[in-house]
2 protein chains.
Amino acid sequence: MEKKYNILLVEDDASLGYLLSEYLKMKNFDVIWEKNPTKVMGLIQSNRFDLAILDVMMVEMDGFTLAADISKKFSNLPFIFLTARSLKIDVLKGFSLGALDYLKKPIDEEELVVRIFTLLERLNKGTSTDKEKEMFEIGSYRLNSSTQELIFESEMTHLTSRESDLLKYLASHPNTLCHHKNILETIWGNDDYFNRKSLNVFITHLRKYLAKDPSLKIENVHGKGFILKTDLGKNN
Amino acid sequence: MEKKYNILLVEDDASLGYLLSEYLKMKNFDVIWEKNPTKVMGLIQSNRFDLAILDVMMVEMDGFTLAADISKKFSNLPFIFLTARSLKIDVLKGFSLGALDYLKKPIDEEELVVRIFTLLERLNKGTSTDKEKEMFEIGSYRLNSSTQELIFESEMTHLTSRESDLLKYLASHPNTLCHHKNILETIWGNDDYFNRKSLNVFITHLRKYLAKDPSLKIENVHGKGFILKTDLGKNN
DNA sequence: AAATAAGATTAATGAAAAGTTAATAAGATG
DNA sequence: CATCTTATTAACTTTTCATTAATCTTATTT
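Everything numeric here is computed off the predicted structure, so don't read it as measured data.

Thresholds, definitions, all that
Residues numbered from 1 in each chain as written. Chains lettered and ligands numbered in written order. Predicted model: local features only at pLDDT ≥ 70, side-chain atom pairs only at ≥ 80, totals over all residues. Heavy atoms only, no water. Near = heavy atom within 4 Å. Polar contact = N/O pair within 3.5 Å; in protein donor to acceptor, adjacent residues only side chain to side chain. Helix = DSSP H or I, 4+ residues; strand = E, 2+ residues; numbered from the N terminus. Pairing = 2+ DSSP bridges. Axes fitted to C-alpha atoms, helices over the stretch in contact; angles between N-to-C directions. Contact = heavy atoms within 4.5 Å. Buried < 20%, exposed > 50% of the residue type's maximum accessible area, 1.4 Å probe, protein only. 1 Å grid on protein atoms, 1.4 Å probe; cavity = no way out; pocket = protein on both sides within 12 Å on 5 of 7 lines; lining within 4 Å. Points joined across faces, edges and corners; volume = space filled by probe spheres on them. Nonpolar A, V, L, I, M, F, W, Y, C, P; charged D, E, K, R; others polar. Parallel < 35°, antiparallel > 145°, perpendicular 65-115°, else oblique. UniProt positions renumbered as here; feature names shortened; annotations may be inferred. Buried area = accessible area lost by both parts, 1.4 Å probe. Salt bridge = Lys/Arg side-chain N within 4 Å of Asp/Glu carboxyl O.

1. Considerations on the protein's contact with DNA strand D
Stage number 1. Among the 18 residues in the neighbourhood of DNA strand D, the closest are listed as T160(A), R162(A), T160(B), R162(B) and W188(B).
Stage number 2. For DNA strand D, the fraction of atoms within 4 Å of the protein that belong to sugar or phosphate moieties is 86%.
Stage number 3. Interatomic distance of 2.8 Å between a side-chain N/O atom of R162(A) and a phosphate oxygen of DNA strand D.
Stage number 4. Note that a phosphate oxygen of DNA strand D is positioned 2.9 Å from one of the side-chain N or O atoms of W188(A).
Stage number 5. Counting residues per element, the ones that place at least two in the surface near DNA strand D are α6 (161-171) and α8 (193-209) of chain A together with α6 (161-171) and α8 (193-209) of chain B.

This is the structure:
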């Protein structure tokens, strides 16, 4: 159940507009295709969009002026340009207006979708609850955090929930200091004296599990937290 | 005073590499151009970059595998691809690896600069205000104030919290007199006789750590405080 | 130059933090 | 109910690190 993004496509060319909007719908976007650029502001007023795709060359209205209007009134609506003109000056103008991308025709629909999708995912990273990764590569180990299995070569070890959660936490921030405060608050729910003791016990567990790969190390930063180091010995 | 971005350009083609790196430098980016992709991981380890630009087709190593390595070990380093191949499958692969953009040759340098710049500005929008700087360049040393590591030519030393805090303080005011009053109040919390003694001890520690770079010196101004001099020989 | 204060350096101390192993308690499973 | 699993707590050792002390060196003042 992935999130459905709402896209506003402003394109006065009938065939390209049809092609793109159908393709985007096929790819699970909610698309509103508007042929008339003068009606766009009203549309934005009454709908919620995640992204606007604007053609630069339209008969009724210039895509650039439309973009300027949009960013003036709805500054939080991201937009990208689509254009047949690949004049350099236009590209620069497009970006200076605040466009997140500037695509030249002929458009490859598949590429368009990928660009749009990664763009939106990136924009939403902070806000939405980012979907949880479940497989982690940790040196020569692999952790499946949903089955709580830690795999090394052909050996498989079953981790307890705490072990798995902790390793997952560390593995999603490799080579970065993880403050015990944060670890405890996310995994244990709160940070007190006893949970810290508990954390230490599990760090010991994990160190034992990870001992087979000498390039891995869980380091402690006194009074701060722990770091899962994954690249020891390669460059020092 | 605008922020200067550090860019890593990985390009094994001599003429294109030269052209791009010079152009980017002209546009006020700090550029390190690396011809050999196998050396890139080491470079990243010992330098701080805001963005990596990777050529896809290189003789020694595929840009895609390089990107995979980078995002595995340095997941917070954003990267974009540069390529002569405009195969659709490559574009998709590029984005699926986490690239922020995918540019096809022939590259228009001006467009490249605009894309890079808007990208970096967007990335830094969230972080710049509230997040503290954590990497510091101190002569030929680099301090990671978060992991409390001091790096000198692939040698790594662990600093204690006080050492790291103090060095960070001095490094954020290089070649400037830091009054002990201010140092003590920010790091120790208050300025008394004993904390001053303590400060002296830590200054000694730092001097020992920094001894390997003769261009660095922590000088004392009698009765006032300390100065971290980073450009000895320039004025004396 | 003598006296005094400030700084530098090295070492000693002690408290807090981390590491480890084992015991206990609480839940689940059969 | 007996057993197994798992997280927590306990008991204990080791390590880490800021502080303090002790001693020596360098400035500043008179």
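Right, picking up where we left off after that structure.
2. Thoughts on the sheet that holds strand β11 (residues 217-221) of chain B
Residue and element names in this part refer to chain B.
Stage number 1. Spatial strand order, β10-β12-β11: three strands in an open sheet with antiparallel pairing. The strands lining the two open edges of the sheet, one partner per strand, are β10 (177-179) and β11. Taking each pair of neighbouring strands and ignoring which way they run, the sheet shows an average axis angle of 30°.
Stage number 2. Pairing of β11 with strand β12 (residues 225-229) involves five bridges; the strand directions are antiparallel. In the strand pairing of β12, I218 is matched with L228.
Stage number 3. Strands in contact with α8 are β11 and β12; relative to β11, the strand with the most contacts, it is inclined by about 150°.

3. Observations regarding the environment of T176(A)
Residues and elements named next belong to chain A.
Stage number 1. You can see T176 is positioned in the loop between α6 and β10 (178-179).
Stage number 2. Classification of T176 as partly exposed rests on a relative accessible area of 36%.
Stage number 3. Each C-alpha atom of the pair T176 and K229 lies 7.9 Å from the other, and the pair is 53 residues apart in sequence.
Stage number 4. Beyond its immediate sequence surroundings of up to four residues, T176 is in contact with F226 and I227.

4. Quick word on empty space enclosed by the protein
Rolled over the atoms, a probe sized like a water molecule indicates the empty space that remains.
Stage number 1. A complete count under the given rule lists one cavity of 30 Å³ or more for this structure.
Stage number 2. For the largest cavity, the calculated volume is near 90 Å³.
Stage number 3. Along the wall of the largest cavity there are 14 residues; nearest its centre are L100(A), D101(A), L119(A), L100(B) and D101(B).
Stage number 4. For the lining of the largest cavity, a count of residues per class yields six nonpolar, two polar and six charged.

5. Side note on the packing of α6(A) against α8(A)
All names here are of chain A.
Stage number 1. Between α6 and α8, the shortest axis-to-axis distance is 10 Å and the interhelical angle comes to 80°. Judged by the angle between their axes, α6 and α8 are roughly perpendicular. Across the interface between the two elements, R162, E163, L166, L167 and L170 from α6 touch L199, F202, I203, H205, L206 and Y209 from α8.
Stage number 2. The residue inventory of the contact of α6 with α8, partitioned by class, reads eight nonpolar, one polar and two charged.

6. Comments concerning the protein's contact with DNA strand C
Stage number 1. Around DNA strand C, 20 residues are found, and the nearest of them are R207(A), G223(A), R207(B), H222(B) and G223(B).
Stage number 2. Between R207(B) and DNA strand C, the recorded distance is 2.7 Å, taken from a side-chain N or O atom to a phosphate oxygen.
Stage number 3. Among the secondary structure elements, those contributing two or more residues to the surface near DNA strand C are α8 of chain A together with α8 of chain B.
Stage number 4. Its residues assigned to classes, the surface near DNA strand C comprises four nonpolar, 12 polar and four charged.

7. Quick look at the packing of helix α5 (residues 109-124) of chain A against helix α4 (residues 88-96) of chain B
Two measures define how a pair of helices packs: the angle their axes make with one another and the distance between the axes.
Stage number 1. Contact geometry of α5(A) with α4(B) gives a least axis separation of 10 Å together with a crossing angle of 10°. Considered as vectors, α5(A) and α4(B) are oriented roughly parallel to each other. Residues E110(A), E111(A), V114(A), R115(A) and T118(A) of α5(A) form the contact with α4(B), whose own contacting residues are K88(B), V91(B), L92(B) and F95(B).
Stage number 2. When grouped by side-chain class, the residues that make up the contact of α5(A) with α4(B) number four nonpolar, one polar and four charged.

8. Let's talk about the UniProt feature "domain: OmpR/PhoB-type" (unreviewed entry) in chain A
Stage number 1. When the UniProt feature table is mapped to this numbering, "domain: OmpR/PhoB-type" (unreviewed entry) covers residues 133-230 of chain A.
Stage number 2. Between the end C-alpha atoms of residues 133-230 of chain A the distance is 18 Å, and the span holds 38% helix and 29% strand.

9. Details of the layout of surface pockets
Stage number 1. Computed from the structure, the second largest pocket encloses a volume of approximately 480 Å³.
Stage number 2. Lining the second largest pocket are 22 residues, and of these Y102(A), K104(A), K104(B), E111(B) and R115(B) lie nearest its centre.
Stage number 3. Grouping the amino acids of the lining of the second largest pocket by side-chain chemistry returns 10 nonpolar, one polar and 11 charged.

10. Quick look at the side chain of E149(B)
Stage number 1. Its location among the elements puts E149(B) in strand β8 (residues 149-152).
Stage number 2. Once you skip the residues sitting within four places of it in the chain, E149(B) turns out to touch E219(A), K229(A), R142(B), L143(B), N144(B), M156(B), T157(B) and H158(B).

11. Some details on the sheet that holds strand β7 (residues 141-144) of chain A
Residues and elements named next belong to chain A.
Stage number 1. Spatially, four strands are ordered β6-β7-β8-β9 in an open sheet, and the strand pairing comes out antiparallel. Edge positions in the sheet fall to β6 (135-138) and β9 (155-158), since each of these pairs with one other strand and no more. Averaged over neighbouring strand pairs, the angle between their axes works out to 20° when direction is ignored.
Stage number 2. Sheet analysis places β7 next to strand β8 (residues 149-152), joined by four bridges and oriented antiparallel. Within β8, the position partnered with Y141 by the bridge is F152.

12. A closer look at the interface of chain A and chain B
Stage number 1. Taken together, the contacts link 30 residues of chain A with 29 residues of chain B.
Stage number 2. At the boundary of chain A with chain B, total buried surface from both sides reaches about 2,700 Å², with 48% on carbon and sulfur atoms.
Stage number 3. At the junction of chain A with chain B, the criterion picks out six salt bridges.
Stage number 4. Listed by contribution, the elements that provide at least two residues to the side of chain A that touches chain B are α4 (88-96), β5 (102-104), α5, β11 (217-221) and β12 (225-229) of chain A.
Stage number 5. The biggest single contributor to the side of chain A that touches chain B is α5(A), with six residues.
Stage number 6. Split by residue class, the side of chain A that touches chain B holds 11 nonpolar, five polar and 14 charged.

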